[in-house]
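# Fold and contact review
So the chains spell out like this:
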Amino acid sequence: MSFRREKFAPEGGPDGGDGGHGGSIFLRASRALNTLNPYRNQREFAAERGRQGEGCLRHGRDGLDITLDVPLGTLVRDGETGETLAELLADGETVCVARGGRGGLGNTHFKSSTNRTPRHHQPGEEGEARALDLELKLIADVGLAGFPNAGKSTLVSRLSAARPKIAGYPFTTLEPQLGVVSLDRFGGDALDSWVIADIPGLIEGAAQGAGLGIQFLRHVERTRMLLHLVDLSDPMQAPAEAVRVIEAELAAFSPVLAAKPRWLVGTKLDALQDEDRKADFEALCAERGQAPIFISGVTGEGLRELAFAVDRALKASPRPVEAEA
Ligand SMILES: Nc1nc2c(ncn2[C@@H]2O[C@H](COP(=O)(O)OP(=O)(O)OP(=O)(O)O)[C@@H](O)[C@H]2O)c(=O)[nH]1
Ligand SMILES: [Mg+2]
C-alpha cells in the first residue's frame, strides 16, 4: 500500500505496485543423468519468492523458477497421497510439481469513485509446497548378448552394484536384470553412469525356441548398443563361429536388433588356453573395424577401460552409438 506524495500533491492517489509471482518448481527428464543420486543429499528445494511491490507503481519482480533434472524413467508420486503425478520418459520432458504463489495486488487496484484513498490491498498467495517420492524405472543403455556361460552376469556384477546369479552352467540367468554402471567405481565421476541389461544366453536355434528362446531380446531392443560377449577360453568354439551364431539369432528376432551398434568383447582372458583364440578374435574385430576389447571378470582386466569407452560412446551420440574403431 502506498500513496503518491509530491511537493504539490501531498494527498496524491494510491500508487502501490503489485507484488511479483513466486517462482515454480519443475522436474525435467535429462538423458545426462542415470541416477537420483543428486537428491540423496539435498532434499529440499525452494524457488525464489516474488519481490514486494513498491510505491510509484513499481511492481515487484517475479521469483525465478527452478528446474531440477532427473533421469529418464523417473516416476513422480505425491509423497502424501501416493498419487502418480508424472512419468518422465523423454529427454527434456518437463512437469510443474509446485506452483509459485500469485503476487499480491497493490492498493491502486482498489480505488473507486467512492474511495479514492483505498488502504486495501491484496496480499500475495503462499506458493505450493509438496513432498514427492521419486522412483527411477531404469531404461537400459546397453544390452548384453552372448552364449550361456559367456560371462554376462559376471560382467554386470563387476561393473555395477547388481548381484545377478552367476554359475558355471548354462541358463543361469532366467530373467533380465539391470545394473547401473557408475564410473566412480573406476575412479571417474559419480554422475557419469550408464545402465546395462543382463539377459539370458542365446543358443543356435533360439529363434525356433531352443534354450530359453529369444523373446527376452525385447528387453534389449530399446537399448542404444549391445556388448556381445565372446568366451575366449572355450577351446571348442572359434570366435568367428560363435559370433555368427549369435548374430543370426539377433537378426531372427528383429531388424532393429540386427542393425544395433555392437561391440565384440572377448571374455575370460585369464583362462585363455590357446593364444590363437586371441589372434582370431583380434582379426575378427579388425574385419569389423572395431578395436579389440578384452576383459576378465576374474582379474578385472579391461573392465575400467570398457566402462569408460562405453560412457564416451554413449555421450558422443545421443541415439545408437557407433563402434569405436
Ligand atoms: N575364468 C573366468 N571365468 C569366468 C569369467 N567370467 C565368468 N566366468 C565364469 O563363467 C561361468 C558363467 O558365468 P556367468 O556370468 O554366470 O555367465 P552368463 O553369461 O551370465 O551365463 P547365463 O546366465 O547362463 O547366460 C561362471 O562359472 C563364472 O564364474 C572370467 O572372466 N574368467
Ligand atoms: Mg547370466
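It should be noted that the structure appears before, not after, this text.
What you see is a predicted model; the values in this text were computed from it and never measured.

Counting its secondary structure elements, the protein chain contains six helices and twelve strands. By the compact-globule yardstick of 20 Å for 325 residues, the protein chain is too spread out, its C-alpha radius of gyration being 30 Å. In terms of principal-axis extent, the alpha carbons of the protein chain reach across some 105 × 35 × 35 Å. A burial count over the protein chain gives 36% of its 325 residues as buried.

Of all the eight residues making up helix α2 (residues 152-159), six are buried; the element is thus mostly covered by neighbouring parts of the structure. Along α2, the positions that sit buried rather than exposed are Lys152, Ser153, Thr154, Leu155, Val156 and Leu159. Contact partners of the buried residues in α2: β7 (142-146), β8 (177-182), β9 (193-198), β10 (225-231) and α6 (303-316).

All right, on to the sheet that holds strand β6 (residues 132-136) then. One open sheet accounts for three strands, arranged β4-β3-β6; its pairing is antiparallel. Each edge of the open sheet is held by one strand with a lone partner, namely β4 (84-88) and β6. Strand-to-strand twist of the sheet, defined as the mean angle between neighbouring strand axes without regard to direction, takes the value 15°. In this sheet, β6 lies alongside strand β3 (residues 74-78) in antiparallel orientation, the contact comprising five bridges. Note on β6: the bridge partner recorded for Val76 is Leu134.

Let us look at the site of ligand 1. Residues in contact with ligand 1 amount to 24 residues; listed here are only the nearest, Gly151, Ser153, Gly168, Thr173 and Gly201. Counting residues per element, the shell around ligand 1 draws most heavily on α2, which supplies three residues. Here the residues of the shell around ligand 1 are counted per class, giving nine nonpolar, twelve polar and three charged.

As a rule of thumb, nonpolar side chains are buried together in soluble globular proteins. Val142, Ile196, Val230 and Val265 are the most contacted members of the largest nonpolar core, which has 46 residues in total. Membership of the second largest hydrophobic core comes to five residues, among which are Leu27, Ala29, Val70 and Leu88.

A few words now on the environment of Pro235. You can see Pro235 is positioned in the loop between β10 and α3 (239-253). Sequence-wise, Pro235 and Arg277 are 42 residues apart; in three dimensions their C-alpha atoms are separated by 8.1 Å. Discounting chain neighbours no more than four positions away, the residues touching Pro235 are Gln273 and Asp274.

What counts and what doesn't
Residues numbered from 1 in each chain as written. Chains lettered and ligands numbered in written order. Predicted model: local features only at pLDDT ≥ 70, side-chain atom pairs only at ≥ 80, totals over all residues. Helix = DSSP H or I, 4+ residues; strand = E, 2+ residues; numbered from the N terminus. Rg over C-alpha atoms; globule rule 2.2 N^0.38 Å. Buried ≥ 20, exposed ≤ 12 C-beta atoms within 10 Å, placed from the backbone. Contact = placed C-beta atoms within 7 Å. Pairing = 2+ DSSP bridges. Axes fitted to C-alpha atoms, helices over the stretch in contact; angles between N-to-C directions. Near = placed C-beta within 6 Å. Nonpolar A, V, L, I, M, F, W, Y, C, P; charged D, E, K, R; others polar. Core = buried A, V, L, I, M, F, W, Y, C linked by C-beta atoms within 7 Å.

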